[in-house]
Amino acid sequence: VCDDLVRSGWRVLERRLRTPFAEVDLFLEDPFGNYFLFEVKAVRAEFFESGVNVSFAQLQRLRRACFFLERRVGRVVLLQIAAVGRDGSIEYFEPD
């Protein structure tokens, strides 16, 4: 996932970032200067979004991590899920 995003012009700010609320897989800056937290999930199902297992509690922790980082960096931090299929295909989406 990280290599895929870097090839697309994203910049890695931190990997496996620990906050008081959650450990986040990736903290990145997109080519337009926006900040994102990525949670990377392996998916067995063919239907990516429905096959991703992110609990409500985990989403809450990840959202708190976003707010924590927003205060730290002084900018909005968005949350994305990266679903990785067995064949290496990647699909990105925003959690509900």
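Sequence positions are assigned chain by chain, starting from 1 and proceeding in written order. Local features in this predicted model are restricted to residues whose pLDDT is 70 or higher, and side-chain atom pairs enter the listing and the counts only when it is 80 or higher, whereas totals over whole chains, interfaces and linings include all residues. Water and hydrogen atoms play no part in the side-chain values, which are based on all heavy atoms of the structure.

### Topic: the packing of aromatic side chains
Note on ring pairs: Phe, Tyr and Trp rings are taken, using the six-membered ring of Trp, and paired if centres are within 6.5 Å. Classes follow the plane angle, with under 30 degrees stacked, over 60 edge-to-face and the rest tilted. Throughout the structure, instances matching the rule amount to six aromatic pairs. Between Trp-10 and Phe-38, the aromatic rings sit 5.6 Å apart at their centres with planes inclined by 75°, giving edge-to-face as the arrangement. In this pair, Trp-10 sits in the loop between helix 1 (2-7) and strand 1 (11-18) while Phe-38 sits in strand 3 (residues 35-43), placing the two residues 28 residues apart along the sequence. Ring geometry for Phe-21 versus Phe-68: centroids 6.2 Å apart, planes at 65°, classification edge-to-face. Of this pair, Phe-21 sits in the loop between strand 1 and strand 2 (23-29) while Phe-68 sits in helix 3 (residues 56-73), placing them 47 residues apart in sequence. Under the scheme applied here, a residue whose accessible area is under 20% of the maximum for its type counts as buried, over 50% as exposed, and between as partly exposed, the area being computed with a 1.4 Å probe on protein chains only. Since its relative accessible area comes to 23%, Phe-68 is described here as partly exposed. Pairwise contacts between aromatic rings join Trp-10, Phe-36, Phe-38 and Tyr-92 into one cluster. It is Arg-75 that lies over the ring of Tyr-35; its NZ or CZ is 4.1 Å from the centre. A run of H or I in DSSP counts as a helix once it spans at least four residues, and a run of E counts as a strand once it spans at least two, with each numbered from the N terminus. Note on geometry: a ring has a charge over it if NZ (lysine) or CZ (arginine) is within 6 Å of the ring centre and within 35 degrees of the ring normal.

### As for the pairing of strand 5 (residues 90-93)
Sheet topology note: the strand 4 (residues 77-85)/strand 5 ladder contains four bridges and is antiparallel. Looking across to strand 5, one finds that Ala-82 is bridged to Tyr-92. Being paired, for any two strands, means DSSP has found at least two bridges between them. Here strand 4 folds back onto strand 5 in antiparallel fashion, the turn holding four residues, of which Gly-88 has a positive phi close to 90°.

### Some thoughts on helix 3
Helix span, expected: 1.5 Å multiplied by one less than the number of residues in the helix. With 18 residues, helix 3 ought to run about 26 Å at 1.5 Å a step, and its terminal C-alpha atoms sit 26 Å apart, in line with that. If you check which residues of helix 3 are buried, you get Gln-58, Leu-59, Leu-62, Ala-65, Cys-66 and Leu-69. When helix 3 is viewed along its axis, its buried side chains cluster within an angular range of 115° and face the same direction. Of the exposed residues in helix 3, the ones pointing more than 90 degrees away from its buried face are Phe-56 and Arg-71. Looking at the buried residues of helix 3, the elements they touch are strand 1, strand 2, strand 3 and strand 4. Think of it as the arc spanned by the lines of direction from the helix axis to the C-beta atoms. Should any heavy atoms of two residues lie within 4.5 Å, those residues are considered in contact.

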